[in-house]
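Survey of secondary and tertiary structure
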Amino acid sequence: MKKIGFLSFGHWSNAHGSATRSASDVLLQSIDLAVAAEELGADGAYYRVHHFAQQLASPFPLLAAVGARTKSIEIGTGVIDMRYENPFYMTENAGAADLIAGGRLQLGISRGSPEQVIEGWRYFGYAPAAGESDADMGRRHSELFLRLLEGEGFAKPNPQPMFPNPPGLLRLEPHAQGLRERIWWGSASNATAVWAAQMGMNLQSSTLKADESGEPFHVQQAKQIRAYRAAWAEAGHTRTPRVSVSRSIFALTDDRDRAYFGRDGGGDQIGVIDNMRAVFGRSYAAEPERLIEQLRADEAIAEADTLLLTVPNQLGVDYNTHVLENILRHVAPALGWR
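Residues numbered from 1 in each chain as written. Predicted model: local features only at pLDDT ≥ 70, side-chain atom pairs only at ≥ 80, totals over all residues. Heavy atoms only, no water.

Helices and strands together make up the secondary structure of the protein, namely 10 helices and 14 strands. Reported as C-alpha extents along the three principal axes, the dimensions of the protein are approximately 70 × 40 × 40 Å. Burial statistics for the protein: of 338 residues in total, 53% are counted as buried. For the protein, restricting intrachain contacts to residue pairs at least 6 apart in sequence, the fraction spanning at least 24 positions comes to 73%. In the structure as shown, the protein presents an accessible area of about 15500 Å², 52% of it carried by carbon and sulfur atoms. Between the mean site of the 33 positive side-chain charges and the mean site of the 39 negative ones, the protein shows a separation of 2 Å. (Helix = DSSP H or I, 4+ residues; strand = E, 2+ residues; numbered from the N terminus. Buried < 20%, exposed > 50% of the residue type's maximum accessible area, 1.4 Å probe, protein only. Contact = heavy atoms within 4.5 Å. Areas by Shrake-Rupley, 256 points an atom, 1.4 Å probe, with all protein chains shown as cover. Lys, Arg positive; Asp, Glu negative; His and termini not counted. Charge placed at Lys NZ, Arg CZ, Asp CG, Glu CD.)

Using the residue numbers shown here, the UniProt feature "domain: Luciferase-like" (unreviewed entry) corresponds to residues 9–259. For residues 9–259, helix accounts for 37% and strand for 14%, while the C-alpha atoms at its two ends are 22 Å apart. (UniProt positions renumbered as here; feature names shortened; annotations may be inferred.)

Moving on to the nonpolar core. Counting residues in each nonpolar core, the largest one holds 69 residues, and the members touching the most others are Phe 6, Tyr 47, Leu 107, Ile 109, Phe 145, Ile 183 and Leu 291. Residues contacting Phe 145, with those up to four places away along its chain left out, are Met 82, Pro 87, Met 90, Thr 91, Ala 94, Leu 107, Ile 109 and Ile 183. Phe 250, Phe 261, Ala 285 and Tyr 319 belong to the second largest nonpolar core, which has 6 residues in total. (Core = buried A, V, L, I, M, F, W, Y, C linked by side-chain atoms within 4.5 Å.)

Moving on: the packing of aromatic side chains. For the structure shown, the criterion picks out 10 aromatic pairs. Ring centres of Tyr 84 and Phe 124 lie 4.9 Å apart, and the angle between their planes is 90°; this geometry places the pair in the edge-to-face category. Here the residue Tyr 84 occupies a position in the loop between β4 (80–81) and α3 (87–100), and Phe 124 occupies one in the loop between β5 (105–110) and α4 (134–149), the gap between them amounting to 40 residues. Exposure remark for Tyr 84: the relative accessible area of 3% places this residue in the buried category. These aromatic residues form a ring-pair network of at least three members: Phe 52, Tyr 84, Tyr 123 and Phe 124. (Phe/Tyr/Trp six-rings, centres within 6.5 Å; stacked < 30°, edge-to-face > 60°.)

Take the pattern of salt bridges next. Applying the stated criterion across every chain, the model contains 25 salt bridges. Here Asp 298 and Arg 247 are joined by a salt bridge, their closest N and O atoms 3.0 Å apart. Taken together, the residues span a long stretch of sequence, with Asp 298 in the loop between α8 (288–296) and α9 (299–303) and Arg 247 in strand β9 (residues 243–247) at a distance of 51 residues. By sharing partners, the salt bridges in this structure join Lys 3, Glu 74, Arg 242 and Asp 305 into a single network. (Salt bridge = Lys/Arg side-chain N within 4 Å of Asp/Glu carboxyl O.)

Turning our attention to helix α1 (residues 23–40). It helps to recall that an α-helix has 3.6 residues per turn; residues three or four apart then point in one direction. The end-to-end C-alpha distance of α1 is 26 Å, a good match for the 26 Å that 18 residues give at a rise of 1.5 Å each. By the burial criterion, the buried members of α1 are Val 26, Gln 29, Ser 30, Ile 31, Leu 33, Ala 34, Val 35, Ala 36, Ala 37 and Glu 38. Next to the buried residues of α1 lie β1 (3–8), β2 (44–47), α2 (59–69), β14 (306–311) and α10 (317–330). Gly 41 lies just past α1 and shows a positive phi near 100°. (Expected span 1.5 Å × (residues − 1).)

Glancing now at the packing of α3 against α4. Across the interface, α3 lies against α4 with an axial gap of 9 Å and an inter-helix angle of 45°. One way to sum up the angle between α3 and α4 is to call them oblique. Relative to α4, α3 is oriented so that their crossing is right-handed. Contact residues: Pro 87, Phe 88, Met 90, Thr 91 and Ala 94 in α3; His 141, Leu 144, Phe 145, Leu 148 and Leu 149 in α4. Class assignment of the residues belonging to the contact of α3 with α4 gives a composition of 8 nonpolar, 2 polar and no charged. (Axes fitted to C-alpha atoms, helices over the stretch in contact; angles between N-to-C directions. Parallel < 35°, antiparallel > 145°, perpendicular 65-115°, else oblique. Left-handed = near helix turned anticlockwise from the far one by under 90°. Nonpolar A, V, L, I, M, F, W, Y, C, P; charged D, E, K, R; others polar.)

To continue, consider the sheet that holds strand β11 (residues 269–273). Spatial ordering of the open sheet is given by β8-β12-β11, a layout of 3 strands whose pairing is antiparallel. The open sheet is flanked by β8 (208–210) and β11, the only strands paired with a single partner. Direction aside, the axes of adjacent strands within the sheet are offset by 35° on average. In this sheet, strand β12 (residues 276–280) lies alongside β8 in antiparallel orientation, the contact comprising 3 bridges. Bridge pairing in β12 places Ala 210 opposite Ala 278. In the packing of helix α6 (residues 217–235) onto the sheet, contacts are made with β8 and β12, and the angle to β8 comes to roughly 70°. (Pairing = 2+ DSSP bridges.)

What follows deals with the environment of His 16. Looking at the element boundaries, His 16 is found in the loop between β1 and α1. Exposure remark for His 16: the relative accessible area of 84% places this residue in the exposed category. Through-space distance from the C-alpha of His 16 to that of Ala 259 is 16 Å; in sequence the pair is 243 residues apart.

If you want it as structure tokens, here you go:
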């Protein structure tokens, strides 16, 4: 395991015990947690994106703010639903945020998952073309975004511009050199993982995937990663791709940990999401020594190079810093981190 970061879903509510009672709380605490995670030596600060919900939504102001407050930690998303995105405007936003962060953005994108409203992307002004599904539209937006990130000129300049132009066709600005290689695809199936490899994107695989064989979640996810790497090699890409998996992992080291997570003993679960039979991976909560044994048996963690720890953001920055420190200090070294 080369890198370990956190993934926050950015919930807020006025429920009893919530430390994030407003959108302002979530945004400011998201920045503070990234700063604290960097001080602990964590490698990444990642944020989920949802629309029409009391969760983090528009990622680029947050990513830029985290970039301005930190110096070394990777800053990313997991994932941006591309059905809602204008690839041109997104390219400008991503370029600006990446430059503010000094080239540390790691953007996870995907065709998206079920949202809070029916066909919410229509309210954003997007609709599938004739013969397309919404998933097709998300992938089409993604392919255009990738092309724009390459920085090639495509727009014919005005012959009488307000300001002088460089020669040739114009590209979107600001251009962030290297960001194209730091785009990840959030994949729930083997087929989309193969497509991500063919497109030259890194792979994000979360805590659920399509149940394609009936095997345990971590076994299916490991096979997905191997299929992705095989497709990457077949595509002839020259760089080494990156692969992340997400897990809910809690080392029980004090009474707070045991009160919050000590009763967690469940295994994988099967459900239906977006008309897809899915397997949901188990959570891990145990004393550090036992936790190390359990995680060593997780085939997908062994296959990946990056582990994203889903954090209970509504419990506040101090407790989540404690959660991360528990893993980085008591568990991660035994898994080969650092």
